[in-house]
Amino acid sequence: MESLSPMLRICTHHLSNGAVKVPVCFYHQNKGSYCLKRMNSLRGGDLFSGVRGLNVARSPNISLDLNVAVAAAAQSSGYQTTELYTRTIEELENVSSYLFRTEVGGEVKVIVGKRNMKHVVYIEVSSLPSNKDELVLNWGMYRSDSSSFLPLDPLILASGTRPNTTQTPLLQESVGRFSSELEFELSRGPFYLSFLLLSLSSAASSNNSEIRSHRQTDFCVPVGISSGYPAPLGISFSNDNSVNFALISRNSESIILCLYGEMPDKPSLEIELDPYVNRTGDVWHISLENVDPYKSYGFRYKVDMIAGKQNVSQACRVFLDPYAKVLKSFFRNQPESASVIKSLGCLCREPTFDWSGDTRLCLPMENLVVYRLNVARFTENKSSQVPADIAGTFNGLAHKIDHFKALGVNAILLEPVFHFDEQKGPYFPYHFFSPTNLYGPARDAASAIDSMKEMVKRFHAKNMEVLLEVIFTSNAEGGVSLSQDAVMTGGTSLNCNDPIVQRFILDSLRYWVTEFHIDGFCFLNASALCRGSNGEYLSRPPLIEAIAFDPLLSSTKIIADFWDPHELVFKEIRFPHWKRWAQINNRFSHDVRNFIRGEGLLSNLATRFCGSGDIFLDGRGPPFSFNYVTRNFGLPLVDLVSFSSDELSSELSWNCGVEGPTNKAVVLDRRLKQIRNFLFILYISLGVPVLNMGDECGRSSNGSPSYNERKSFDWEDLKTGYGLQMTQYIAFLSSLRLRRGDVFQKRSFMLEKNLDWIGSKETQPRWEDPSSKFLALTMKADGDITKSSPESSHKVGDLFIAFNASEHSESVNLPPNSEGMTWVRLIDTALPFPGFFLTDGACVIEKTEGVVAYEMKSLSCALFEARTSNLDEVIIKSIV
């Protein structure tokens, strides 16, 4: 024999270059019975093909008695089973059976199974022409390519054969019937056994000495490999430690499974999946009995994409399994010719975690006080005094729960924690089913997964929820690869309403809820979720509707954020919400910034303060408005009142008279008042206040709105005078929201009869006059909700709130109270620390009979509460 005929690297499509595997029936043993599956025949009289290996426990097919199954297979081929054949099947475990026709007539039947911890391949040849009475099996083993056969033991190599192939005689059982049995160590698998028949009786005729299949190709059967199952997607482990791989790919000509050992520079094993055997619909699948020699895996796609007028092959690129749950082997400094893959899926089970004692909080949205942060930047600074091995990780974050509790926070909103491009940042993810290894103490997958779960559990124990920012509309280069139909532009922009992508996103979100107990999600670039395949806006986007009504996800917080972190713009649209979706309220930030700097309309401020009815009066309510003043993009709070160059015009900032740092006391005092005003409006407005990381201690980006210019949290800043007063102020505002939840934590909008508005000089507000900068209102408490203050036995009632954005003072008369009630000042942002807010309040004395007048300083806000109290007692307290 000169050489074996060339084959593809696995049982590939027979039209490619000659190799073919033509299975008829797979038999899988399960407690003494077998499952039979027969497929439709191919055109032109070809044998049955495209057979799936089935396990009785996983298949709805009928489980047949062994003899019935064997007899059925034999009858279908016209071949009568022998006692040896039957006995062989009975002796083996995990049996798969294959039937081939030869080019000269007759049949070749192959049984693959396991016995005594070894792979066994039994080959039986029958019904050959009568002159074929002495046969030799010429065989070799290969994994990735039949031209690269695996080395064989020198003791079994036959002389005169090509290296790594050998010849084994077939024993004649009867006239025209031959058989042989081969055994292989389990460690050799998985592999493919490739063979042809040599007829020694006709050796003189070189044309007839080699016998191949009826397609004139070598015979090929998998060993340690089965067709697998289309669900679940990703990898899954069976009780017998076999591993199933399942991947969605709609347009691929074929898929190549790449397995890696300790060295991830190139695959140790590549297995090409047969579209007839390893594909169900758009799902490619394969099962391997043993993956112990391998540590990680990826896929190569054979997809021809149209790029201009050129066909660009993707076969050389290795992609990460989108459904991988554990990632490893981050590649760095790869040459341009190498794969752009950043991680590989790990061939291991997911780490277990003890969730006992953890409960889903399901806090009402109207009660939320949210803190947005970046996991790494929050504790990576040495000033955090977090142990070095957990600084900048989920564990480090959990160490700072007391800080959140001191601020009155009951929910944290994490910037994206998915695996991301380290050079571009967390808003360029490339995987969506596991937290980045960077946030784990050991910087590996297991520690990241465990530490995040432990963090969530600890926050829940402190009655705090954990929300995630997510962005599914795009992914980093080398990231998720699902289907070319799912890609819109640039190769990384995903059509989230494509059925495949929609399923992927839903599966990802459910996974985070079930496996990590996440309480909700904030969807960045939410307007893109409303687009169709051609970029058109959809009135009923399938994904948004599916999330709104998903039995699991609909019980979590689902928040739409129209900020696109890639283009750095807001793309607001009328968002379809089905009364389930909340929104990050960009208009709140816009209108409050404008008013504080003296350029906004009173009508805009009043609308935002009352819960943004222009947005949420459509069947939702104030709790669906997530309000913020600053966020992780743009200027932080201290810079918002310190920089206002022309380049920052979109930030709507005001430097209070001097650009950048200054020592002028008057400017610093003005800036301090403005910061207090921002926080005041944020916390007393109806809706959910969202505080951005570092605003409580004056974190600055030196006037740069760039995300990359944001510095790590410096915990020493909390000890400064600014840090002390701001953290105490924020804690007071949070407690005020809780204590007066009847006003500030309403699920519904305030009734018009409960609001009395006052403009400058006791006139009606000039709502649309841009020169009008003073607004006050009385918020009337209903009699049935008037309650006792936790701090005292005093009854509390109405609230009076005033905003003065002008450069001069404004005298305002507080409305008369009912008998026995007096006005107590809780906040005046113009007063020095610590008196600008008081827990017990300071009584406001009537200056003239029946009139309570109060002077509002320039650029200030104030809040008063009506209480029943002994007047002398209140005066004494205010003096003390």
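Going by the structure above, here's the rest.
Residues numbered from 1 in each chain as written. Predicted model: local features only at pLDDT ≥ 70, side-chain atom pairs only at ≥ 80, totals over all residues. Heavy atoms only, no water.

Explain the packing of helix α6 (residues 445-461) against helix α7 (residues 499-516) to me, please; I cannot follow it from the model alone.
The packing of two helices is summarised by the inter-axis angle and the distance between the axes. Contact geometry of α6 with α7 gives a least axis separation of 10 Å together with a crossing angle of 70 degrees. Between α6 and α7, the interaxial angle falls into the category roughly perpendicular. In contact with I449, M452, K453 and V456 of α6, α7 contributes W512, E515 and F516. When the residues that make up the contact of α6 with α7 are grouped by side-chain class, the tally is five nonpolar, no polar and two charged. (Axes fitted to C-alpha atoms, helices over the stretch in contact; angles between N-to-C directions. Helix = DSSP H or I, 4+ residues; strand = E, 2+ residues; numbered from the N terminus. Parallel < 35°, antiparallel > 145°, perpendicular 65-115°, else oblique. Contact = heavy atoms within 4.5 Å. Nonpolar A, V, L, I, M, F, W, Y, C, P; charged D, E, K, R; others polar.)

Before we go on, may I ask you to explain the side chain of T473 in this structure?
With respect to the helices and strands, T473 occurs in the loop between β29 (465-470) and α7. Overall, T473 belongs to the buried group, its relative accessible area being 4%. A polar contact of 3.1 Å, which involves the side chain of T473, links it to the side chain of N525. (Buried < 20%, exposed > 50% of the residue type's maximum accessible area, 1.4 Å probe, protein only. Polar contact = N/O pair within 3.5 Å; in protein donor to acceptor, adjacent residues only side chain to side chain.)

Would you take a moment to explain the packing of aromatic side chains for this structure?
Centre distance and the angle of the planes are the two values used to describe a pair of aromatic rings. Tallied over the entire structure, the rule returns 52 aromatic pairs. Relative to W715, the ring of F378 has its centre 5.1 Å away and its plane inclined at 75 degrees; by these criteria the two rings are edge-to-face. Highlighted residues: F378 in helix α3 (residues 375-379) and W715 in the loop between β36 (688-692) and α14 (721-739), separated in sequence by 337 residues. On the basis of an interplanar angle of 65 degrees and a centroid distance of 5.6 Å, the ring pair of F433 and F504 is categorised as edge-to-face. You can see F433 sitting in the loop between β28 (411-414) and α6 and its partner F504 sitting in helix α7, a full 71 residues away along the chain. For the residue pair F433 and F504, the accessibility class agrees, reading buried in each case. Positioned above the aromatic ring of Y628, the side-chain terminus of R372 is 6.0 Å from the ring centre. A cation over an aromatic ring shows up here: K400 above the ring of W715, its NZ or CZ 4.1 Å from the ring centre. (Phe/Tyr/Trp six-rings, centres within 6.5 Å; stacked < 30°, edge-to-face > 60°. Lys NZ or Arg CZ within 6 Å of the ring centre and 35° of its normal.)

For this particular structure, what's the right way to read the environment of V120?
Considering the arrangement of structural elements, one finds V120 in strand β6 (residues 118-126). Owing to a relative accessible area of 0%, V120 belongs among the buried residues under this scheme. Note: C-alpha distance between V120 and E185 (65 residues apart in sequence) is 9.0 Å. For V120, the contacting residues outside a window of four places in its chain are L92, I111, V112, G113, R115, E181, L182 and E183.

What's the story with α7 in this structure? I'm lost.
Residues three or four positions apart in an α-helix share a direction because the helix packs 3.6 residues into each turn. Between its terminal C-alpha atoms α7 stretches 25 Å, which fits the 26 Å expected from 18 residues at 1.5 Å a residue. For α7, the side-chain oxygen to backbone nitrogen distance between the N-cap and I500 is 2.9 Å, and the N-cap itself is D498. (Expected span 1.5 Å × (residues − 1).)

Sorry, what's going on with the pattern of salt bridges here?
Close approach of charged atoms allows side chains of opposite charge to pair. Within this structure, the stated rule accounts for 39 salt bridges. The partner of E366 in a salt bridge is R747, with the nearest N and O atoms 2.7 Å apart. Of this pair, E366 sits in the loop between β26 (344-346) and β27 (370-373) while R747 sits in the loop between α15 (741-744) and β37 (755-758), and the two are 381 residues apart along the sequence. Looking at R747, the relative accessible area reads 52%, which means it is exposed. Note that E599 is salt-bridged to R597, the shortest N-O span being 3.1 Å. (Salt bridge = Lys/Arg side-chain N within 4 Å of Asp/Glu carboxyl O.)

Quick question: what am I supposed to make of unusual backbone geometry here?
Excluding glycine, residues mostly have negative phi values, and the peptide bonds linking residues are mostly trans. Between A231 and P232 the backbone carries a cis peptide bond, its omega angle lying at 0 degrees. Checked against the element boundaries, P232 lands in the loop between β14 (225-226) and β15 (234-237). In the segment running from F833 into P834, the intervening peptide bond is cis, with an omega of 5 degrees. The residue P834 is located in the loop between β41 (821-828) and β42 (837-843) in this model. One non-glycine residue with positive phi stands out, namely N116, at about 55 degrees.

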